[in-house]
Amino acid sequence: MMATSIIKPAVPVLLKEIESGSQFFKQGASLRVTGMLHAYSEDTAVAVIADANISFKINTVHLRDLSFRFGSYYQFIGELHILPEDVAILQARVGRIVDGLDPNLYNQSLQLRRQFESELVNS
Amino acid sequence: MSRRVAAIVVLSLHVSYCPVLSRLVMSHLFPSSTVNLIFNKMNVFRAVHVKLIARDFFSLTIHIPPNYAPTFFRRGMQVWRVETVGVVVSKEHTGDYLRFIVDDGTGCIHCILDITDHSDLGLAAEVETEIALREAATVELGKLVRVRGMIKLGAGVGLQLTVRDVLVERDPNMETLYWMDCIRLAKSCYDHATRP
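Under the annotation held in an unreviewed UniProt entry, chain B carries the name CST complex subunit STN1 and is attributed to Zingiber officinale.

The name recorded for chain A in an unreviewed UniProt entry is CST complex subunit TEN1, from Zingiber officinale.

Asks: Before we move on, can you summarise the overall build of chain B with the specific residues and values?
Replies: Looking only at helices and strands, chain B has six helices and nine strands in total. Element-wise, carbon and sulfur atoms account for 57% of the exposed surface of chain B, whose accessible area totals about 10,200 Å².

Asks: Now, about the nonpolar core: what can you tell me, with residues and values included?
Replies: Counting residues in each nonpolar core, the largest one holds 52 residues, and the members touching the most others are B:Phe45, B:Phe57, B:Phe100, B:Val147, B:Ile151 and B:Tyr190. Listed in part, the 22 residues of the second largest apolar core include A:Leu15, A:Ile18, A:Ala47 and A:Leu63.

Asks: Lay out unusual backbone geometry with the relevant residues and their values.
Replies: All names here are of chain A. Despite not being glycine, alanine 52 shows a phi value in the positive range, around 50°. Structurally, alanine 52 is set in the loop between β3 (46–51) and β4 (54–59). Exposure remark for alanine 52: the relative accessible area of 58% places this residue in the exposed category. Although it is not a glycine, asparagine 53 adopts a positive phi angle of roughly 65°. Relative to the assigned elements, asparagine 53 resides in the loop between β3 and β4. The exposure class assigned to asparagine 53 is exposed, which follows from its relative accessible area of 83%.

Asks: A description of the packing of aromatic side chains should follow, citing residues and the corresponding values.
Replies: With the rule as written, the count across this model stands at five aromatic pairs over all chains. Centroid distance B:Phe57 to B:Phe58: 5.1 Å. Interplanar angle 70°. Geometry classified as edge-to-face. For B:Phe58, a relative accessible area of 35% gives the class partly exposed. Among the aromatic side chains, those forming a connected cluster through ring pairs are A:Tyr40, A:Phe68, A:Tyr74 and A:Phe76.

Asks: Explain a nonpolar patch on the surface to me, using residue names and the numbers behind them.
Replies: Residue and element names in this part refer to chain B. Taken together, the side chains of Ile62, Ile64 and Leu153 present a nonpolar region at the surface, about 250 Å² in accessible area. Relative to the helices and strands, isoleucine 62 is located in strand β2 (residues 61–63). On the basis of relative accessible area, isoleucine 62 is assigned to the partly exposed category, the value being 32%.

Asks: Any details on helix α6 (residues 173–188) of chain B? Residues and values, ideally.
Replies: For α6(B), with 16 residues, the first-to-last C-alpha span of 22 Å sits near the 22 Å given by 1.5 Å per residue. For α6(B), every residue scored as buried is listed here: B:Asn173, B:Glu175, B:Thr176, B:Tyr178, B:Trp179, B:Cys182, B:Ile183, B:Leu185 and B:Ala186.

Asks: An account of the environment of A:Lys16 is requested, with residue identities and associated values reported.
Replies: Within the secondary structure, A:Lys16 is located in the loop between β1 (11–12) and β2 (30–41). For the pair A:Lys16 and A:Asp51, spaced 35 residues apart in sequence, the C-alpha to C-alpha distance is 8.0 Å.

Asks: Lay out the interface of chain B and chain A with the relevant residues and their values.
Replies: At the interface, 34 residues of chain B touch 33 residues of chain A. Between chain B and chain A lies a buried interface of about 2,700 Å² when both sides are counted; carbon and sulfur atoms form 65% of it. Applying the counting criterion to the chain B and chain A interface returns four salt bridges. Where B:Glu175 meets A:Arg32, a salt bridge forms, and the shortest distance between an N and an O atom there is 2.8 Å. For the pair chain B and chain A, the number of links is eight residue pairs in polar contact (both at pLDDT 80 or more). Counting only elements with at least two residues in the side of chain B that touches chain A, the list comes to α4 (54–57), β5 (81–94), β6 (97–103), β7 (108–114) and α6 of chain B. A total of 10 residues in the side of chain B that touches chain A trace back to one element, the largest contributor, which is α6(B).

So, how was this worked out
- Residues numbered from 1 in each chain as written.
- Chains lettered and ligands numbered in written order.
- Predicted model: local features only at pLDDT ≥ 70, side-chain atom pairs only at ≥ 80, totals over all residues.
- Heavy atoms only, no water.
- Helix = DSSP H or I, 4+ residues; strand = E, 2+ residues; numbered from the N terminus.
- Areas by Shrake-Rupley, 256 points an atom, 1.4 Å probe, with all protein chains shown as cover.
- Core = buried A, V, L, I, M, F, W, Y, C linked by side-chain atoms within 4.5 Å.
- Buried < 20%, exposed > 50% of the residue type's maximum accessible area, 1.4 Å probe, protein only.
- Phe/Tyr/Trp six-rings, centres within 6.5 Å; stacked < 30°, edge-to-face > 60°.
- Patch = residues over 30% accessible without salt bridge, like charges linked within 9 Å, V, L, I, M, F, W, Y side chains within 5 Å.
- Salt bridge = Lys/Arg side-chain N within 4 Å of Asp/Glu carboxyl O.
- Expected span 1.5 Å × (residues − 1).
- Contact = heavy atoms within 4.5 Å.
- Buried area = accessible area lost by both parts, 1.4 Å probe.
- Polar contact = N/O pair within 3.5 Å; in protein donor to acceptor, adjacent residues only side chain to side chain.

Now the structure itself:
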């Protein structure tokens, strides 16, 4: 269903970048996160993904038609919800399996793309 | 001179597929002023889907001449068609159109796919309708898609794409490779397109 409100682009980030004090650590920030599924609770619909020894919680209650397989890579798009004591969870609105994604290529390309974006803004 | 003209004709056949390569080859055969003249006359980017990240797409300059359709420019280079790769984050089926939004992480591009049934106009139109319907069926929330289309100025949404074709990418690395394509082409081709 087409959203009537303006959809903000979800900025791709690494899990290690979502920490207190980071430019991405803001209430309601639209983010895209990637990691391997480590845990999933059917009762709460909360998934835990991990990348480079950093784990992160995803609320998947709004997702449909997405199966959860431990060890598979997932990418989620949603809004950051910061709880008391700086605990963060992503309220996912879109999710997909990205098995086969080369994490090193992805991380390096992400840095290059950010550099290119800043060049576009400053030119 | 006639051989040179013949060479221009032969090379021009390849221009819409690889304008940069053709330009490089031609620059060895002809003075740069001649090459520029040829390429400007041909409007090479009219037939090419320019690869832009959404931030670049939304930075296009819009010219609205009186009594004519709007035109779009990237740093002086006119752009007609654009290709984008991103995740479908919204989808709506209204009447004969499928409207969806592609998020590539730098912006959300509104795309419109016409699925009007034109089968009464002949076999070619029937095939075209069938292709559009099949493509529309593949567009789902969360899918990584590659969209090619014409730039339009939509009421209320600004720049958008009238979809020519949409393809669901199975390999997640295609998005990463697309980012690299956008950066490489911007620096090696698009940034120099209007310079002598």
